[in-house]
Amino acid sequence: MAPYFREEDVVVLAYRDAGTPDNYILDAWERSPMTRLPLERVRDIGVAASIQEALLQLERPELEGFWIHLDVDVLDPQWMPAVDSPDPGGLRFEELEPIVRAAVQSPGAVGMELTIFDPDKDPDGRLARQLVDLLARALAPAPGGTSGHVPRRAGAQAGRAA
């Protein structure tokens, strides 16, 4: 059975290294042609520039679209402790929201899944409400009825990934 997508069409955005996987997995990760934008780079170049770099890959004309996979543990456990593997140093909600908004409002986005949220660790539902509110804001049209899509730089080709 072949993969559903090619590694060169994947973007991994705002990840952080929370440990060292075994050598086999690490070697495969390092050899992979996927586009990687670790959290350190996102913070170095800024969220807007990171979004633009990701969308350049995700919106390439030869691709039919891209799927958004959002693991909630990308958020720092200070803001989102309702996950199975809380690792310090993650995104804040205000950093994640423009990333999600740009991704879901991209013309190439075909769907999205949100994973890793553990409702057992959110007994009052407050954290679930924060996620729902973030998604509602990200999916809502921008003021004035325009898309929240981040425009590409002039002359740049578009791209897509998961």
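Going along each chain's sequence as written, the residues are numbered from 1 onward. pLDDT decides what is reported in this predicted model: residues at 70 or higher carry local features, side-chain atom pairs at 80 or more are listed and counted, and totals for whole chains, interfaces and linings draw on all residues regardless. As a rule here, side-chain values cover all heavy atoms of the structure and leave hydrogens and water aside.

Colleague: Talk me through helix H4 (residues 93–104); I want residue IDs and the actual numbers.
Modeller: Only DSSP runs of H or I reaching four residues or more are called helices, and only runs of E reaching two or more are called strands; each is numbered from the N terminus. Given a helix with a known number of residues, its expected span is that number minus one, times 1.5 Å. Its 12 residues place the ends of H4 16 Å apart at the C-alpha level, agreeing with the 16 Å of an ideal helix rising 1.5 Å per residue. Relative accessibility thresholds used throughout: buried, under 20% of the residue-type maximum; exposed, over 50%; partly exposed, between the two (1.4 Å probe, protein chains only). Across the 12 residues that make up H4, a large majority, nine, are buried. Taken together, the buried positions of H4 are Phe-93, Glu-95, Leu-96, Glu-97, Ile-99, Val-100, Ala-102, Ala-103 and Val-104. Contacts were defined at the residue level, with two residues in contact if any of their heavy atoms lie within 4.5 Å. Buried residues belonging to H4 abut strand S1 (11–13), helix H2 (39–45), helix H3 (47–58), strand S3 (66–71), strand S4 (109–115) and helix H5 (126–139).

Colleague: I'd love a proper account of the side chain of Glu-95, names of residues and values included.
Modeller: By the element assignment, Glu-95 lies in helix H4. Under the relative-accessibility criterion, Glu-95 is labelled buried at 8%. When neighbours within four sequence positions are excluded, Glu-95 is seen to be in contact with Arg-43, Val-47 and Gly-90.

Colleague: Can you tell me about unusual backbone geometry, naming the residues and giving the values?
Modeller: Only a minority of non-glycine residues have a phi that is not negative, and only a minority of peptide bonds are not trans. Unlike most non-glycine residues, Ala-14 shows phi in positive territory, near 65°. By secondary structure assignment, the location of Ala-14 is in the loop between S1 and helix H1 (23–31). Positive phi values are uncommon outside glycine, yet Ile-116 reaches one of about 80°. Mapping Ile-116 onto the fold places it in the loop between S4 and H5. Of the residues examined, Ile-116 reaches a relative accessible area of 32% and is grouped as partly exposed.

Colleague: So, a nonpolar patch on the surface: which residues are in play, and what are the values?
Modeller: Residues enter patches when they are more than 30% accessible in relative terms and free of salt bridges; like-charged ones are connected within 9 Å and nonpolar ones (Val, Leu, Ile, Met, Phe, Trp, Tyr) within 5 Å. Residue-level accessible areas treat just the shown protein chains as cover; the underlying method is Shrake-Rupley with a 1.4 Å probe. Salt bridge, as used here, is a side-chain nitrogen of Lys or Arg placed within 4 Å of a carboxyl oxygen of Asp or Glu. A cluster of nonpolar side chains, Met-1, Tyr-4 and Phe-5, forms an exposed patch at the surface whose accessible area comes to about 520 Å². Along the chain, Phe-5 falls in the segment before S1.

Colleague: Tell me about the pairing of S4, and please be specific about residues and values.
Modeller: For two strands to count as paired, DSSP must find a minimum of two bridges between them. With six bridges connecting them, S3 and S4 associate as parallel partners. Considered in S4, the bridge of His-69 is made with Glu-113. Assignment of crossover handedness uses the view with strands pointing away from the viewer, where a clockwise path from the first strand over the helix to the second indicates a right-handed crossover. Chirality of the crossover, the property in question, places the unit of S3, H4 and S4 among those that are right-handed.

Colleague: Give me the packing of aromatic side chains: which residues, what numbers.
Modeller: Centre distance within 6.5 Å is the pairing criterion for rings of Phe, Tyr and Trp, where only the six-membered ring of Trp is used; planes under 30 degrees apart are then read as stacked, over 60 as edge-to-face, and the remainder as tilted. Counted by the stated rule, this structure contains one aromatic pair. Seen in terms of ring centroids, Tyr-15 and Trp-29 are 5.2 Å apart; in terms of plane orientation they differ by 85°. Their pairing is edge-to-face. In this pair, Tyr-15 is assigned in the loop between S1 and H1 and Trp-29 in helix H1, connecting sequence segments 14 residues apart. A ring has a charge above it when a Lys NZ or an Arg CZ is no more than 6 Å from the ring centre and no more than 35 degrees off the ring normal. Taking the ring centre of Trp-29 as reference, the NZ or CZ of Arg-36 above it sits at 5.0 Å.

Colleague: I'd like a rundown of the confidence of the model for the protein, residues and numbers included.
Modeller: The predictor attaches a confidence to each residue, and that confidence, scored 0 to 100, is pLDDT. A residue-level look at the protein finds 84% of positions with pLDDT of 70 or above and a mean pLDDT of 86. Mean pLDDT across the secondary structure elements of the protein bottoms out at H1, with 75, and peaks at H5, with 97. Low confidence marks residues 151–162, where pLDDT is under 50. Its contacts with residues over four positions away, or in another chain, come to 45 contacts.

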